[in-house]
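# Observations on the three-dimensional arrangement
Single-letter residue listing:
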Amino acid sequence: MSSRTGTAIFPGSFDPITNGHLDIIERGLKVFERVIIAILVNAEKRSLFTTEERVEIIREVFKGSPRVSVDSFSGLLVDYAQRVGATVIVRGLRAISDFEYEFQMALMNRHLAPGVETVFMMPAEHYSYLSSRLVKEVFQLGGGVGSLVPPVVERRLREKYRDARPPGPSPRKRSRVR
Ligand code: PNS
């Protein structure tokens, strides 16, 4: 019999989701029966992918995983947790530098809702340098991200930046200055 119980929320911006996130979700699924990936709708933060696009992308990544669901929320995370009947928030801790922000957030959430517990999980060491922000930067500058994100994200990044390019002839190559 499985010892997994309850529903955990894995909240974040996921702009875009990375293999580091997937690592945490897989770890979460070993402990919890159900994991809800909850995307924060944040009108103040400029994001590359819209909330709808992020929901779509993550749904595609987890289409064969009945214990994972994808949702978006606005307002307080603990209110959302209570609304969906989750008593656990899962967060990934990559490095000491994450700790202060995560610690503050966990304690504030506990202050707001003592019945909701935050559980920290550490991704595999080789993801400790990985972030959505760096994935976007590396991709934009022509670096490979194939080993850092699921294939659907790489495809959507390509489409996003291709669509963002202004129409017209591609810029001429500049002749080398000697
Ligand atoms: O991936 P991120 O951007 O680090 O995720 C941050 C997130 C979404 C977990 C956090 O910003 C959040 O929970 N926002 C909801 C608003 C809220 O509840 N604020 C008070 C908690 S300190």
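Before any of the text, the structure's been laid out above.
Residues numbered from 1 in each chain as written. Predicted model: local features only at pLDDT ≥ 70, side-chain atom pairs only at ≥ 80, totals over all residues. Heavy atoms only, no water.

### With respect to the pairing of strand 4 (residues 88–92)
Applicable threshold: Working definition: with a 1.4 Å probe on protein chains only, accessible area under 20% of the residue-type maximum means buried, over 50% means exposed, and in between means partly exposed. Numbered from the N terminus, helices here are DSSP runs of H or I no shorter than four residues, and strands are runs of E no shorter than two. Here, a strand pair is defined by DSSP locating no fewer than two bridges between the strands.
Across the 5 residues that make up strand 4, a large majority, 4, are buried. With 2 bridges joining them, strand 1 (residues 7–12) and strand 4 adopt parallel strand pairing. Looking at the pairing, I9 lines up with I89 of strand 4. Pairing between strand 4 and strand 5 (residues 117–121): 5 bridges, direction parallel.

### Focus on the side chain of E53
This is how it is decided: Polar contacts, as used here, are pairs of N or O atoms within 3.5 Å; protein pairs need one atom able to donate a hydrogen and one able to accept it. Residues neighboring in sequence count only if both atoms are side-chain atoms. Residues are treated as being in contact if the distance between any of their heavy atoms lies within 4.5 Å.
Looking at the element boundaries, E53 is found in helix 2 (residues 51–61). Side chain to side chain, E53 and K160 meet in a polar contact 2.9 Å long. Apart from residues lying up to four places away in sequence, E53 is in contact with L48, R156 and K160.

### With respect to the site of the ligand
Here is the rule we go by: The criterion for a residue being near a molecule or strand is simple. One of its heavy atoms has to lie within 4 Å of it. Surface accessibility follows the Shrake-Rupley procedure with a 1.4 Å probe radius. Residue values consider only the protein chains on display as shielding.
Taken together, 13 residues form the shell around the ligand, and within it S13, L77, R91, M105 and N109 come nearest. Between the ligand and L77, the relevant distance is 2.8 Å, taken from an oxygen atom to a main-chain nitrogen or oxygen of the residue. Between R91 and the ligand, the recorded distance is 3.0 Å, taken from a side-chain N or O atom to an oxygen atom. Contact with the protein chains removes 75% of the 560 Å² of surface that the ligand exposes when unbound.

All we've got here are geometric facts, nothing functional implied.
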